[in-house]
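Chain by chain, the residues:
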Amino acid sequence: MVQPRHGACLGGDGGLDGARMSTPVSPSVANPGVPAPSTGPAPHPRATPEARGLALGLLGVTIFALTLPMTRLAVGTPDAPLMSGLFIAMGRAALAGLLSGALLLALRAPLPQRADAWPLVLTALGVVFGFPLLTSIAMRHVSAVHASVIVGVLPLATAAVGALLHRQRPSPAFWACAALGTGLVVGFAVLRSGAAGLALHPADLLLLGAMLCAAVGYGFGARLSQHMRAEFVICWALVISLPVTAPLAALSWPDVPVPTVAWSGFAYVSVFSMWLGFFAWYRGLALGGTVRVSQVQLVQPFLGMLFAVPLLGESLDAVSVGFGLAVMATVLLGRRMPVRARATQG
């Protein structure tokens, strides 16, 4: 029984008990065989799964932020075209698929379960075919900065898909933060692009379609990552796509020599954007939750513009930095808002 610290006990020895309680006895004195506890600082608590998920999500987003500038390097411009959009999309998937097959064999990965077949197909349709093909075609006609701004709608789309797939119910405050971040991105587009830049250009429609494809692929991939290793999810999605991606890559191989800088951009989107980036991204979504971790994508447009400065010679001014900081603030706010599971009936 634990005695009260200041109150009197039934025997009237409250003062004695208070003295006993206020004078701690070392375990080594009360029990000579028990060593005294360490007086050093308490060990630092391990990061929570949500914190690790957000960290991995940020790593994946940083890798993905280079995708559009690197694609622009590979595809060229309307005045100086280089690789075709079809070759970049199918070639990157084919190369990553070969690397995935080698990794799966080396690790003796188990075959996916029959129930995972349809989610794997949807994951592949979203992130192996849809997003790479649509962005590769669009990037020849728009700048990397413009395309990076359009990417700002991706977190909201991913959160919506994730909420539907994982039966989660984000709070109104969470959706308010997501909407505020998206509004900041749209406001930045209006400020920087003007009315002409916001017209419904066919390339803009392709980019918006790519965002929807990515959201679906992210959502189903994160769902698979809850019971499969994250790297196996993207690897199997790439491997099952090889019968389509490999022949199309061979048929669309460049007819004329292209500069080394284009091949370097192609190599990056093949190894990092199409493969390694998903190792961190899917693991982060599985650990921290698709709805919450998806908001880290709000920083991707500004990381992409930052990377475009040395790669494409574009300038970065105080307005871009200010909007980037404001968007990151919405990410931090959204992290603190509750996201609950839907109540099951029955």
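Caption draft 1: Up close: the overall build of the protein chain. Summing up its helical and strand segments, the protein chain has 15 helices and two strands in all. Taking all 346 residues of the protein chain together, the buried fraction comes to 46%. Considering only intrachain contacts with a sequence separation of at least 6, the fraction spanning at least 24 residues in the protein chain is 88%. Looking at the protein chain as shown, the accessible area adds up to about 17300 Å², and 68% of this sits on carbon and sulfur atoms.

Caption draft 2: Quick look at the packing of aromatic side chains. The final tally for this structure, using the stated rule, is 14 aromatic pairs. Centre to centre, the rings of Phe87 and Trp263 are 6.1 Å apart; their planes meet at 85°, and the pair counts as edge-to-face. Taken together, the residues span a long stretch of sequence, with Phe87 in helix α5 (residues 85-106) and Trp263 in helix α12 (residues 260-288) at a distance of 176 residues. Given a relative accessible area of 1%, Phe87 falls into the buried group. By relative accessible area, which is 30% here, Trp263 ends up partly exposed. Note on Trp253 and Trp263: the rings are 5.5 Å apart at their centroids and 40° apart in plane angle, and the pair reads as tilted. Note that Trp253 is positioned in the loop between α11 (230-251) and α12 and Trp263 in helix α12, a separation of ten residues in sequence. Taken together, Phe64, Tyr218, Phe278, Trp281 and Tyr282 form an aromatic cluster joined through their ring pairs.

Caption draft 3: Fine view of the environment of Met90. Along the chain, Met90 turns up in helix α5. Residue Met90 is classed as buried on the basis of its relative accessible area of 2%. Through-space distance from the C-alpha of Met90 to that of Thr245 is 4.9 Å; in sequence the pair is 155 residues apart. Once residues lying within four places of it in the same chain are set aside, the contact partners of Met90 are Val128, Phe129, Thr245, Leu248 and Ala249.

Caption draft 4: Looking closely at α12. The first and last C-alpha atoms of α12 sit 39 Å apart over 29 residues, in line with the 42 Å expected at 1.5 Å per residue. Remark: the principal bend of α12, roughly 45°, maps to Phe278. Of the residues flanking the end of α12, it is Gly289, one or two places downstream, whose phi is positive at about 95°.

Caption draft 5: Broad picture of a nonpolar patch on the surface. On the surface, Leu306, Leu316, Val321, Leu325 and Met328 cluster together to form a nonpolar patch covering roughly 420 Å² of accessible area. The leading source of residues in the nonpolar patch is helix α15 (residues 318-336), at three residues. By the secondary structure assignment, Leu306 is in helix α14 (residues 300-312). Overall, Leu306 belongs to the partly exposed group, its relative accessible area being 39%.

Caption draft 6: Quick look at the pattern of salt bridges. Counted according to the given criterion, the structure contains two salt bridges. With a closest N to O distance of 3.8 Å, Arg292 and Glu50 form a salt bridge. Residue Arg292 is located in helix α13 (residues 290-293), and its partner Glu50 is located in helix α3 (residues 49-65); the two are separated by 242 residues in the primary sequence. Residue classification places Arg292 among the buried positions, given a relative accessible area of 11%. We classify Glu50 as partly exposed; its relative accessible area is 28%. Between Arg229 and Glu231 there is a salt bridge whose closest N-O contact spans 2.5 Å. On the basis of relative accessible area, Arg229 is assigned to the partly exposed category, the value being 44%.

Caption draft 7: Broad picture of the environment of Gly53. Its location among the elements puts Gly53 in helix α3. Sequence separation of Gly53 and Gly289 is 236 residues, and the distance between their C-alpha atoms is 7.6 Å. When residues no more than four places from it in sequence are discounted, the contact partners of Gly53 are Gly284, Leu287, Gly288 and Val293.

What counts, and where the lines are drawn
Residues numbered from 1 in each chain as written. Predicted model: local features only at pLDDT ≥ 70, side-chain atom pairs only at ≥ 80, totals over all residues. Heavy atoms only, no water. Helix = DSSP H or I, 4+ residues; strand = E, 2+ residues; numbered from the N terminus. Buried < 20%, exposed > 50% of the residue type's maximum accessible area, 1.4 Å probe, protein only. Contact = heavy atoms within 4.5 Å. Areas by Shrake-Rupley, 256 points an atom, 1.4 Å probe, with all protein chains shown as cover. Phe/Tyr/Trp six-rings, centres within 6.5 Å; stacked < 30°, edge-to-face > 60°. Expected span 1.5 Å × (residues − 1). Bend = angle between axes of the 7 residues up to and from the residue. Patch = residues over 30% accessible without salt bridge, like charges linked within 9 Å, V, L, I, M, F, W, Y side chains within 5 Å. Salt bridge = Lys/Arg side-chain N within 4 Å of Asp/Glu carboxyl O.

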